[in-house]
Each structure stands twice: as C-alpha cells, then as structure tokens.
Amino acid sequence: MMSGAAFLNMSAIFALGLLSVSFLLVVYRVLKGPTLPDRILALDMLVAVAIGFIAVLGIKSGFTLYVDVAIALGLVGFLATVAFARFVLSGGVDAKNDEAEEERP
Amino acid sequence: MGDIGSYLAGILIVVGALFALTASIGIIRLPDVYTRMHAASKAGTLGSCLMLIGLAVYIGEAATTVRALAGVLFFLLTAPIAAHLLAKAAYSAGYRMWQGSVSDDLAETVQASKKNRQAEP
Amino acid sequence: MIPFRNELLLTLVWVAISGSYTLPNIVFGFAIGWVVLFIVRDQLQSARVVIRPWATFLLALLFVKELVLSSVRVARLVLSPRLDIKPGIFAYPLRVERDFEITLLANLITLTPGTLSVDVSDDRRTLFVHGMDCSDPDQARADIRQGFERMIMEAFR
C-alpha cells in the first residue's frame, strides 16, 4: 500500500500525461479546422484543458495562488469565446466559402 | 491533510483528466461542429470541474476551497452559455449540420423569419 | 429600484472569490456590487421569484447526476469503434414562461445527456435543441418535460 503523498504524486504525473495528449488532440483540431466555429470550439476546449493543467500543477506545487489563475483563465476564455461567437454571428465570415474545403469523415 | 484527502484528490484529478481526454477525442472524431460541441461542453466541463475540486480537496483550507468551488460554479454556469452562443452563431451564419443528421425543426423557422425580415423594409 | 437580494449575493461572491473576510473588504465588495447592479439596472427584470429551498436542492442533485451520466455517455460514444449517431435539431415547446426560467432550462439541457440548446424562437415559446441521438424526438421531449422543466416549475413558483 502506497502512502497518500506517493499516490498523489503518481496520479498527478499520470494526469499530466493524459492532459498532454488531450492538449495535442485539441491543437490538431484548432489547426485543421475545417471551419471557423470548429476552431473557436477547440480554443474553448483548450482553455478547459489548460485549467486542468493549472489544477494539477497547483496540487504538485502546493501553491494556492493557482486557484486564482484558474478562475481568471476561465473568465478570459469565456469572454474570448463569446466575442468570437458574436463575430461569427455578425457575419464576419462567409459560411459557404468556409465550408467549401471541408471534408466529412 | 490526511491520507484520505490525498487519495481522494489523486482520484479526482485522474478521473477529471480522463474526461478531458475523452472530450478531446470527441472533438477529433465527431463529424460536425454541433456534435463536437456536445463533447466539449459536457465531458470537458466535467473534466476541468473535477480537477478543480481535486485541487480544493488537496488544499483543504477554508478560504481557498471556497474560491475553488466558486470557480467550479462559475464554469458550470459559463460553459453552456458559451456552447449555446456558439451553436446559435454557427447555425445562423449558415454552417450546415452533418449529412447524417436526421431532423432539423429549426430550418423552417429560420426560413420564415428570413422571409419576414425581407418583407418588412 | 435595485433589489437588495442581488446586492447581497454579489457581495457574498466577491468576498468568497477574494478570500478575505475583513470588514473593509466586505464594504468594498458591497460598493462594487452596487456599481455593477447600477450599470445593468435596465436589463434586470424585477420579477418576484419564490425560491423553494428543498425543490431547488433536488434540482441541483438531479443536475449533478445528469451531468455525470451525460459525460459518461459521451465518453462511451466517443470511444466506441463505430460512431453510431443520428444527430438532429428538434423543437421543444416551452411551458415555462419567464426569461430566467428559460435561461436555466436551456443551460440545464446543454449539460445533460445528448442534448444541447441552440436557439429560442422570437416569441419565447419554442426552444430548439440539438440532440446527439435524434431518432426519437418525442421521447427526448418527454424526458425534458418530466425532468427538468417540471422541477424548475416546482422550485421557483
């Protein structure tokens, strides 16, 4: 039976690995698109993954300040998504042209 | 901080990271922006919330825990609003759904309101 | 007239987030809350809302349960080798009328299994919901009707 601290350290490393993989997957979606809303959605998800990173780093380092960082990042991410959505809503892009290069799986 | 708190925090962050990973896989695999939104807004939100709760459990100090829980509440409130706004924006900008979609009740309404708008001025 | 309850709520949130329970900080939070409410005073409706604590608590419990269920379902769907989905948008005729109830219902729907609210019709009678599995929209409508909408009506009137 492991001690609590050892278990926590191991799970933090494991969680960091999982988060790294999801980070790469989401970045792939940001780069590939194929449409603007896809990219916005992926950026939103990127913020969620980053918040996860911050939480795990907070546990690993024991700094309580990371909680504030996570909250601030969530706020900024939400505002960014809302601003992007309003940009799409205001007709800043042409959906038909944007979709033309899209390929379906 | 006892051992139980450590175990609980460890389990919470691993489960949260697993949910974040499935949300990312969903974003890669699902066919259109609307279905991807399902993955991001549910599994993604739950993932980051679980990890924040893990942090709150680990710190176990009243002021910080309250702050972390306020953060969780905040994410639960904002994530669906962001998803909803993005879906609405994408739909009204004309992004179509995946070909395999089976029904679209919104299409008629949007058509009708477009006609109204053109008829008005 | 600025409702006092919102003021207190904002002060509480400020104190909780800033993490300092001293008197100057509480007064400062109160002042900021007042300024915020003053700025948005035109957007606030002064609807009289009755909150039933027990029903609200049940609603919160149901919500957490559904959130976990929906995440598990998304995870299972995403990890299954063949994507077997029939997505689509269905119309949901609303029974709740007030703006905050519609907002709450739309948010809850977004975080629950297989559904995501997309739009509200201009007359606020219909909610358009994107479903991951839209093969049986009537069943999905009945689920919302029996679940969240009923509980929202019980909790807030």
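The notes below deal with the structure included here. Fair warning: this is a prediction, and the values are worked out from it, not measured in the lab.

Calculation notes
- Residues numbered from 1 in each chain as written.
- Chains lettered and ligands numbered in written order.
- Predicted model: local features only at pLDDT ≥ 70, side-chain atom pairs only at ≥ 80, totals over all residues.
- Heavy atoms only, no water.
- Helix = DSSP H or I, 4+ residues; strand = E, 2+ residues; numbered from the N terminus.
- Buried < 20%, exposed > 50% of the residue type's maximum accessible area, 1.4 Å probe, protein only.
- Contact = heavy atoms within 4.5 Å.
- Buried area = accessible area lost by both parts, 1.4 Å probe.
- Salt bridge = Lys/Arg side-chain N within 4 Å of Asp/Glu carboxyl O.
- Polar contact = N/O pair within 3.5 Å; in protein donor to acceptor, adjacent residues only side chain to side chain.

So, the side chain of C:N25
Residue and element names in this part refer to chain C.
And then number 1: Summarising the element assignment, N25 is placed in helix α2 (residues 23-39).
And then number 2: According to the relative accessible area criterion, N25 is buried, its value standing at 12%.
And then number 3: When neighbours within four sequence positions are excluded, N25 is seen to be in contact with W14, V15, S18 and S20.

Details of the environment of B:T78
All names here are of chain B.
And then number 1: By the element assignment, T78 lies in helix α3 (residues 62-93).
And then number 2: Its relative accessible area of 10% is what places T78 among the buried residues.
And then number 3: The spacing of T78 and S41 is 37 residues in sequence and 9.9 Å in space, taken between C-alpha atoms.

Describing the interface of chain A and chain B
And then number 1: The partner chain B presents 55 residues to the 57 residues of chain A that form the contact.
And then number 2: Buried surface at the junction of chain A and chain B, both sides included, amounts to about 4800 Å², of which 77% is carbon and sulfur.
And then number 3: Our count for the chain A to chain B interface comes out at two salt bridges.
And then number 4: A:D38 is the salt-bridge partner of B:R36, the closest N and O atoms lying 2.3 Å from each other.
And then number 5: At the surface where chain A touches chain B, the tally comes to four residue pairs in polar contact (both at pLDDT 80 or more).

On their own, these measurements won't tell you what the molecule is for.
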